[in-house]
Amino acid sequence: DSGVTQTPKHLITATGQRVTLRCSPRSGDLSVYWYQQSLDQGLQFLIQYYNGEERAKGNILERFSAQQFPDLHSELNLSSLELGDSALYFCASSVGFNSEQYFGPGTRLTVT
Amino acid sequence: DQQVKQNSPSLSVQEGRISILNCDYTNSMFDYFLWYKKYPAEGPTFLISISSIKDKNEDGRFTVFLNKSAKHLSLHIVPSQPGDSAVYFCAAIPTTSGTYKYIFGTGTRLKVLA
């Protein structure tokens, strides 16, 4: 158990809908990262927050947004969902913005 | 453009033998490398890392080798155990970028046969 929690574990929704994925980092970790893993792909970095502020951005679509709240939990919002958005979404956390990351169990999103 | 490549999608090894997983990278700015292991229905877990100032790092049965001139790293598992069966991802970071923005490979599925 990494100490990073993600909810929900599974999510099934229809095209065009909007969903919110939630992540609680390990106690004491200030950085949160979001990754997407599509079928047979590696983990693609989406976005990083550090202590409430956006720190780095990767291949995140404009339809996607994220935020980190004062209690340090983070939410990833995915809107106007398409079939291709079906993937595993992982959250990771680390103590600082340049330290090793610990991953949550992921949220499996299925868009039908 | 895949900056970190794991060209072998799968590998099967007999229990007790050595498993060698390979990873190649293209970006010379990468200076810190990690290996993660992933079981089904779980998130990746950190296994071992190596800085570009070293060419080898060992932790128990796991050793990572880095060849900077060839832009190649490998993970050796000796002896391999059935519990090592998992997907292994290598990741690379340009730490001078000021953020630990991991670039992951596509993974190698290791199967250790009893």
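Before reading further, recall that the structure is shown in the block above.
Before going into details, it helps to say that this report is about the structure given with it. (Residues numbered from 1 in each chain as written. Chains lettered and ligands numbered in written order. Predicted model: local features only at pLDDT ≥ 70, side-chain atom pairs only at ≥ 80, totals over all residues. Heavy atoms only, no water.)

1. Structural notes on the pairing of strand β2 (residues 10-13) of chain A
Residues and elements named next belong to chain A.
So, step 1. Judged by which residues are buried, β2 turns out to be one-sided: Leu-11 and Thr-13 face inward and are buried, whereas His-10 and Ile-12, on the alternate face, are not.
So, step 2. Alignment of β2 against strand β11 (residues 107-111), held across 4 bridges, turns out to be parallel. Each bridged residue has a counterpart across the sheet, and for Thr-13 the counterpart in β11 is Val-111. (Buried < 20%, exposed > 50% of the residue type's maximum accessible area, 1.4 Å probe, protein only. Helix = DSSP H or I, 4+ residues; strand = E, 2+ residues; numbered from the N terminus. Pairing = 2+ DSSP bridges.)

2. What about the state of the cysteines?
Each disulfide is one covalent bond, formed between the sulfur atoms of two cysteines.
So, step 1. This model, assessed by the stated rule, comprises 2 disulfides over all chains.
So, step 2. A disulfide bridge connects Cys23(A) with Cys91(A), and the sulfur atoms are separated by 1.8 Å. The chirality of the disulfide connecting Cys23(A) with Cys91(A) is left-handed, given an S-S dihedral of about -50 degrees. Highlighted residues: Cys23(A) in strand β3 (residues 19-24) and Cys91(A) in strand β9 (residues 87-94), separated in sequence by 68 residues.
So, step 3. For Cys23(A), a relative accessible area of 0% translates into the label buried.
So, step 4. According to the relative accessible area criterion, Cys91(A) is buried, its value standing at 0%.
So, step 5. Bridging Cys23(B) to Cys90(B), the disulfide has an S-S length of 1.9 Å. (Disulfide = S-S within 2.5 Å.)

3. Thoughts on the interface of chain B and chain A
So, step 1. With 19 residues of chain B in contact, the opposing surface of chain A contributes 24 residues.
So, step 2. Of all the secondary-structure elements, those providing two or more residues to the side of chain B that touches chain A are β4 (32-38) and β5 (45-51) of chain B.
So, step 3. Take the side of chain B that touches chain A: its biggest share by element is 4 residues, from β4(B).
So, step 4. A class-by-class count of the residues in the side of chain B that touches chain A yields 10 nonpolar, 6 polar and 3 charged. (Contact = heavy atoms within 4.5 Å. Nonpolar A, V, L, I, M, F, W, Y, C, P; charged D, E, K, R; others polar.)

4. A closer look at the sheet that holds strand β1 (residues 4-5) of chain B
Residue and element names in this part refer to chain B.
So, step 1. Spatial ordering of the open sheet is given by β1-β3-β8-β7-β6, a layout of 5 strands whose pairing is antiparallel. A strand with exactly one partner marks an edge of an open sheet, and here the two such strands are β1 and β6 (56-59).
So, step 2. Here 2 bridges tie β1 to strand β3 (residues 19-25), and the two strands are oriented antiparallel to one another. Looking at β3, one finds that Val-4 is bridged to Tyr-25.

5. Brief notes about the pattern of salt bridges
Any two side chains of opposite charge can pair, given that their charged atoms come close.
So, step 1. Under the defined criterion, the tally for this structure stands at 5 salt bridges over all chains.
So, step 2. Its salt-bridge partner being Glu82(A), residue Arg63(A) comes within 3.7 Å of it at the nearest N-O pair. Separated by 19 residues along the polypeptide, Arg63(A) in the loop between β6 (53-57) and β7 (64-68) and Glu82(A) in the loop between β8 (74-78) and β9 bring together distant segments of the chain.
So, step 3. We classify Arg63(A) as buried; its relative accessible area is 19%.
So, step 4. The closest approach of N and O atoms between Asp84(B) and Arg61(B), which form a salt bridge, is 2.8 Å. Of this pair, Asp84(B) sits in the loop between β8 (72-77) and β9 (86-93) while Arg61(B) sits in the loop between β6 and β7 (62-67), placing them 23 residues apart in sequence.
So, step 5. Overall, Arg61(B) belongs to the partly exposed group, its relative accessible area being 22%.
So, step 6. Sharing partners across several salt bridges, the network here consists of Arg63(A), Glu82(A) and Asp85(A). (Salt bridge = Lys/Arg side-chain N within 4 Å of Asp/Glu carboxyl O.)

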